Amino acid sequence: MAVKIKFAAPEARSESGKSWLTRRVLLAVGAVVGIVVVFFVAVFSFYYFKYQHIVDDRLAKPLFANTAKIYAAPTELRPGQKYTVRYIEQQLRSAGYTVDGEGSASPMGTFTAGAESITIHPGPQSFHAPDAATVTFDSGSISQITGSNGQQLAAYELEPLLITDLSDENRAKRRIVTYDDLPKTLVQAVTSIEDRRFFEHGGVDYYSILGWTWHDLRGDRRFAGGASTLTMQLAKIMFLTPERTFSRKVRQILVTFQLENHYSKQKIFEIYANQVPLGQRGSFSVNGFGEAAQAYFGKDVRQLTVPECALLAGLIQSPSRLNPYRHAERAVARRNVVLDAMVETGSITKEQAEEYKATPLKLAPGAVDAGEAPYFVDLVRDQLAQRLNDADYNQQGLRIYTSLDPELQRAATEAVNEEMKNVDEQVERLHARRVKAGDESPIVYPQVAIVALNPHTGQVLALVGGRNYGASQFNHAVSNRPTGSIFKPFVYAAAFNTSLAGAQLTNSDGVSATFSPVTILNDQQTTFTFAGNQTYSPKDFEGKYFGEVTAREALYRSLNNPTISLAEMVGYNNVASLARDAGIKSARGTPAMAIGAYGSTPLEMAGAYTVFANGGVKIDPWMVASVRHPNGDPVADYTPTTKPILDPRAAFLTLGLMEAVMNDPHGTAAGVRSMGFRAPAAGKTGTSHDAWFAGFTSNLLTIVWVGNDDYSDIKIEGAHAAAPIWADFMKRAIALPQYSDTKDFVPPQGVVQVTLDRATNLLADATCSDSDYSAYFLEGTQPTDTCDHANGDQRNLFQRIFGLGEKPATPPSTPAAQTPAPQPVTPVPAGQPQPTAQAQPPVTDDKPKKKPGFFRRLFGGSKKDNNDQTDQPQPPATPQ
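Residues numbered from 1 in each chain as written. Predicted model: local features only at pLDDT ≥ 70, side-chain atom pairs only at ≥ 80, totals over all residues. Heavy atoms only, no water.

Re the overall build of the chain
This is how the line gets drawn: Numbering goes from the N terminus for both helices and strands, where a helix is a DSSP run of H or I of at least four residues and a strand is a run of E of at least two. Categorising residues by exposure relies on relative accessible area from a 1.4 Å probe, with only protein chains included: less than 20% of the type maximum marks a residue as buried, more than 50% marks it as exposed, and the intermediate range marks it as partly exposed. Using the Shrake-Rupley algorithm and a 1.4 Å probe, accessible areas are obtained, with residue cover drawn only from the displayed protein chains.
Regarding its fold elements, the chain presents 24 helices and 32 strands. By the burial criterion, 51% of the 880 residues in the chain qualify as buried. Of the accessible surface of the chain, which amounts to about 40300 Å², a share of 54% is contributed by carbon and sulfur atoms.

Things to note about the side chain of T146
Convention followed: Whenever two N or O atoms come within 3.5 Å, that pair is a polar contact, provided that in protein one can donate a hydrogen and the other can accept it, and provided that, for residues adjacent in sequence, both atoms are side-chain atoms.
Structurally, T146 can be placed in strand β7 (residues 141-147). Under the relative-accessibility criterion, T146 is labelled buried at 15%. In this structure the side chain of T146 is engaged in a polar contact, spanning 3.4 Å, whose partner is the side chain of Q152.

Focus on the side chain of D405
Note the threshold: In this charge count, Lys and Arg are treated as positive and Asp and Glu as negative; neither His nor the chain ends contribute. Put simply, a salt bridge is a Lys or Arg side-chain nitrogen that is within 4 Å of an Asp or Glu carboxyl oxygen. Any two residues whose heavy atoms approach within 4.5 Å at even a single point are treated as in contact.
Note that D405 resides in the loop between β13 (399-402) and α13 (406-436). At 7.2 Å, R410 is the nearest oppositely charged side chain to D405, a buried residue that forms no salt bridge. Once residues lying within four places of it in the same chain are set aside, the contact partners of D405 are L461, Q738 and Y739.

Remarks on the confidence of the model for the chain
Applicable threshold: Confidence of the predictor in every single residue is expressed as pLDDT, which spans 0 to 100.
Across the chain, the average pLDDT comes to 82, with 78% of residues at 70 or higher. Segment residues 366-371 is flagged for pLDDT under 50; beyond a separation of four residues in sequence, or across chains, it makes 16 contacts in the model.

Notes on the pattern of salt bridges
Enumeration over the complete set of coordinates arrives at 25 salt bridges. Ionic pairing is found between E344 and R196, a salt bridge with its closest N-O pair at 2.6 Å. With E344 in helix α10 (residues 328-344) and R196 in the loop between α3 (184-194) and α4 (206-218), the pair connects residues that are 148 residues apart, well separated along the chain. On the basis of relative accessible area, E344 is assigned to the partly exposed category, the value being 44%. Residue classification places R196 among the partly exposed positions, given a relative accessible area of 41%. Here K267 makes a salt bridge to E270, at a shortest N to O gap of 3.0 Å. Note that K267 and E270 are positioned in helix α7 (residues 265-275) at a spacing of 3 residues, about one turn of the helix. By relative accessible area, K267 is classed as partly exposed at 31%. Using a relative accessible area of 15% as the deciding quantity, one classes E270 as buried.

If you want it as C-alpha cells, here you go:
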C-alpha cells in the first residue's frame, strides 16, 4: 500500500518555529521575572523586618539624649538693692515657678505677687530648701526680707536660671520643642520648600518623584536635588549614613515606612523639627529649629517672624553654604526662594512675599552663644567628666548648678566687644608704622580673656576665653602665658611677710631696716648674679631710671630693677615659695621671676590675687557648686578649697601699694580713673609679650589678658590694652545691683594709715609745701617726724617760707639698695603670734631733685605704663 507523506510549506514551518521560540522566550522571561520578584520580595521582606527591629529598638529609647542642664548661680537678694516686684516675678517664671493657686503647682515652686511684695515658696525640686520668704519693696528697692517664721533675713537666693543644655557626645545642641510650639508659618515654610504633600502621602511621594524627575530633565535648578520627603529625610538623619547609593535609598524607604507606621504626621514633623541639622555654632552643631532660633535670631522659636521662618527653612538645603553669618547674600536669596514657594502653596500672598523679601536680615550679635558663656560651659563639661567619672553622665538629665552670673557674663562680653575695637586700632597703627619702615610681616589681631570672681568665695562669676567663640574655641582663660608685672605684688608681699617675722632687710652697705612702703630702693641699671655665676641684666621701660625711689613708687611705676633688688634681699626662693602657694606653680627662685617671666593662666592668676583681696587666704576658683538628679536629689556638692598663706597684715599692706597703682597720678593704671571708674579698688598692670591687668574691689576681682596666639610681642602696654577693658567691665559691673555696694578696704588690726608729705615721706602737716598721700604701715614702723622736721630745721614758719635764717645741712639718706640676700627668712603663717617689728628710720622718696614749679604741680606730669615690660621672655634656668 502506498503511503503519502505531506510536508508543510516552508512558510508554515517558519511560523510554527517562531511561535514555539516566542513561547520559550516568554516562559524564560516570566521565570526570570518571577525569580526577580521572589528575590525582591524576599530581600524586601528581610530588610523590612530587619529595619523594623532597628526602628523599634531605637524608638523604644528616648528620641533625644537627655543631656545635662547647666544652671547659673542663684541671684542673691539683699535689702537696699534696686529690684522690683515685676523683675523678681519674671525671674521666678523663667525658673519654672507658677503663680500660687493658678492651676497645678510647679514642682520647682510657686509665688504670690502683690503691689509692693512677693512671697516665694520653693517646691520639692527646687535647688533650695523649701523655706518660704516674703520680699518687701519700697520706692523701687528691697526694704526687707522676711522668713516664713517671721525672722528678718539679711539675704535670700532666688531659683537658679537655666543657661543651656550640655551638648551630646557628638557635640550637638538642641532645644526640644513640641509641634504645638512651632509657628504655623514655620511648618508652612518647611513643607512648601521641602515636601508640599507631607500631610497627604504615606511617606514616599510618587507624584513628587515624577515632578522632580521632570524638573531635573528640564534643568530647572530651583527644584534640583531629589524627591526625598520629610519622613525620608528623617529616616536618613536618624538611621542611615549620608552615602549616595541605591541600597541606601532602598533602606531609607524601608525605614520611612516604619516611621509612618509608628507616628502621626504631627509627631513625625515634631521629631524632624528637633533633629534637622541647621548649621554650626562654634564647635557645636545646631540641631533643630528651637536651637536655630536662638543661635541665629536670639529668640524663642514661638516668636519667629515669617521671614525668619523662611530663612530657617531655607537652611535645610545646605546649612554650611547658606550660613547667614558667613554668606548673608546666599541666605537671603534662599529665603526669598522659600517665600516664593509659600506663595505657590497659598501660605502667603504675592504682596506679602514681596514685603517680606524687603525685610533686612537681622541676626543675633556675631559673638555667638555669648549669653550662654560657651568657654565657661566647656570648662564645666571638662570638670564634670573628671569629677563624676561616669561616661554616661550626660545622658541622665542631671542638673548642674554653677557659679555663673549671667548678667555679669553679659557685661564681660560687651566690654570685650567694645574695647577690643580700640586694641585693634592700636595694632593697626603699629602695623602701619612697620609697613612704612619696610616690614611686610602680616598684621596679627590679638586675643583676649577675662576672669571675674568673688574674691571672698572663689566663685567664678564670668569668664570670656576669646573674642569670638564662633571663630575660635581655644580657651585663653586657661592658657599659660608669662605674667609680666602683675607678678610683682608677690615680691612686695614676701617682703612685708619677712618684716612681720621680725627680720630686717639688709642693703649692700650693711644697713638693716624693717621693710615699709617708704623703704628706699635703687632704680638703676643693675646686673644680678644668681645660682653661682649666672647673671641677669634687666632694663626698665624705654631705658628710663629714677634713681632712689620708695617701695611704693617702685610698684606704682612698675620699676623692674628695684623690684628685683627687693626680691634679692627677701630671697628669691622665699618669693617663689609664696607665689607657688598662691597658685603660680611655675615660679622659680631667679631674678627674672620677680618681674613675671614665668607663666600662669588668667584663671590661676585670679585665684592667686584672692590672697590680697581676702586677707591672705587663698581660695581656689570654682565653677560647679552642685550636681542634682532631675528630681532635685543631690548627686554631689562641692565646696571651695581655701588655704591661709599670708599674714592678713602683709596682704593688706600689699593691697595698699596696689591702690597707689590706680590712685597716684603717676601710677601705671591711673588711666582707669580717667575712664570714669571711681569705686575703691586696687590693681596692677602687666606687660611681657602680652598685656595684663589684675584688679579688684571689695566684692569683685577681675583679671584681663590680651595677647597674640602666635606668642609674638603685642607691643602694647597693659595700661593701654588690658586696663581699659577692665575699667569698661567694672563700670558695667558696679551698675548692677549685686555689685553696686562697693566699700573701702578696711585694714586689719595692727595696720595703721598715715598721711605723708610726698617730698620727704614724713608725716604731712600744714607747713608742708608739696602734695601729700596716704599710706598703710605695720603699726610701729610708720614715720613719727613731720615734714617740717625732716632736717632738724628749727626756723619758724615765716623764715622757712622766705628762706631766712640758717638752714641746717641735709643729712645723707640711707637707701636700701640691691644686695645679695641674707639668710632666707621663713614668714610666720597667719594666725600665729607675730614678733613686734622695729620702727624704721625716716627715709626720703627720691634723691635730691628740683622742686616742681607751680604749673607743673597744677597740671601734673606725663605718665606711662613704664617698666612693666620684662626684658627676658624666657627665664634663666635654675636648680629646683
